[in-house]
Amino acid sequence: FALVNTFYLFLKAVNTGSMFWSMVSSLAYFYMVASWGGYSFIINIIPIFVVFLFIIGKVTTKLYVSYSIFYVAGTFFAMQIPFVGFQAITSSEHLA
């Protein structure tokens, strides 16, 4: 549930360009980090999606706003989980 919910909310943030939905998607990511160790899958797949959109020329300000807020807020929230801590900014598996 948490994995699909995070992807859905991020896509909703990209389609609307809303800062609100970007924050909601980062909170869903926080829930994913707190509940399961597969959170690194999300923080690697979403940047791949953004790079793909960049390659095909579909970059918009909506994408920029939603991804920037998601990545910064999501990383900050992930750092609040003791298991993750500063690995969110020092580990290579989190830096996509």
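Cut-off values and rules
Residues numbered from 1 in each chain as written. Predicted model: local features only at pLDDT ≥ 70, side-chain atom pairs only at ≥ 80, totals over all residues. Heavy atoms only, no water. Helix = DSSP H or I, 4+ residues; strand = E, 2+ residues; numbered from the N terminus. Contact = heavy atoms within 4.5 Å. Polar contact = N/O pair within 3.5 Å; in protein donor to acceptor, adjacent residues only side chain to side chain. Axes fitted to C-alpha atoms, helices over the stretch in contact; angles between N-to-C directions. Parallel < 35°, antiparallel > 145°, perpendicular 65-115°, else oblique. Left-handed = near helix turned anticlockwise from the far one by under 90°. Buried < 20%, exposed > 50% of the residue type's maximum accessible area, 1.4 Å probe, protein only. Expected span 1.5 Å × (residues − 1). Arc of directions from axis to C-beta.

**Student:** Is there a simple way to explain the environment of Phe7 in this structure?
**Tutor:** Here Phe7 lies in helix α1 (residues 2–16). With 18 residues separating them along the chain, Phe7 and Ser25 place their C-alpha atoms 7.7 Å apart. Leaving out residues up to four positions away in the same chain, Phe7 has contacts with Phe41, Ile42, Ile45 and Ile46.

**Student:** Can you help me understand the side chain of Ser25 in this one?
**Tutor:** By the secondary structure assignment, Ser25 is in helix α2 (residues 19–35). In this structure the side chain of Ser25 is engaged in a polar contact, spanning 2.7 Å, whose partner is the backbone oxygen of Ser22.

**Student:** Is there a simple way to explain the packing of α1 against helix α4 (residues 61–78) in this structure?
**Tutor:** Packed helices, taken two at a time, are described by the angle their axes make and the gap between the axes. Between α1 and α4, whose axes approach to 7 Å, the crossing angle comes to 140 degrees. Regarding the angle of α1 to α4, the classification is oblique. Taken as a pair, α1 and α4 cross one another with a handedness that is right-handed. On the side of α1, the interface is formed by Thr6, Phe10, Ala13, Val14, Asn15 and Thr16, while α4 contributes Lys62, Leu63, Ser66, Tyr67 and Phe70.

**Student:** Hey, could you run me through the side chain of Ser22 in this one?
**Tutor:** By the secondary structure assignment, Ser22 is in helix α2. Residue classification places Ser22 among the buried residues on the basis of a relative accessible area of 0%. A distance of 3.0 Å separates a polar side-chain atom of Ser22 from the backbone oxygen of Ser18. Contact partners of Ser22, with chain neighbours within four places excluded, come to Ala13, Val65, Ser66, Ile69 and Phe70.

**Student:** Help me out: how do you make sense of helix α3 (residues 39–55) in this one?
**Tutor:** Over its 17 residues, α3 runs 25 Å from end to end, which matches the ideal 24 Å to within 8%, given 1.5 Å per residue. Every buried residue belonging to α3 is among Tyr39, Ser40, Ile42, Ile43, Ile46, Pro47, Val50 and Leu53, and all of these are buried. Here the buried residues of α3 occupy an arc of 170 degrees about the axis, which is enough to place them on one side. Along α3, the residues that are exposed and aim more than 90 degrees away from the buried face are Ile48 and Ile55.

Any functional reading would require information that these geometric values do not contain.
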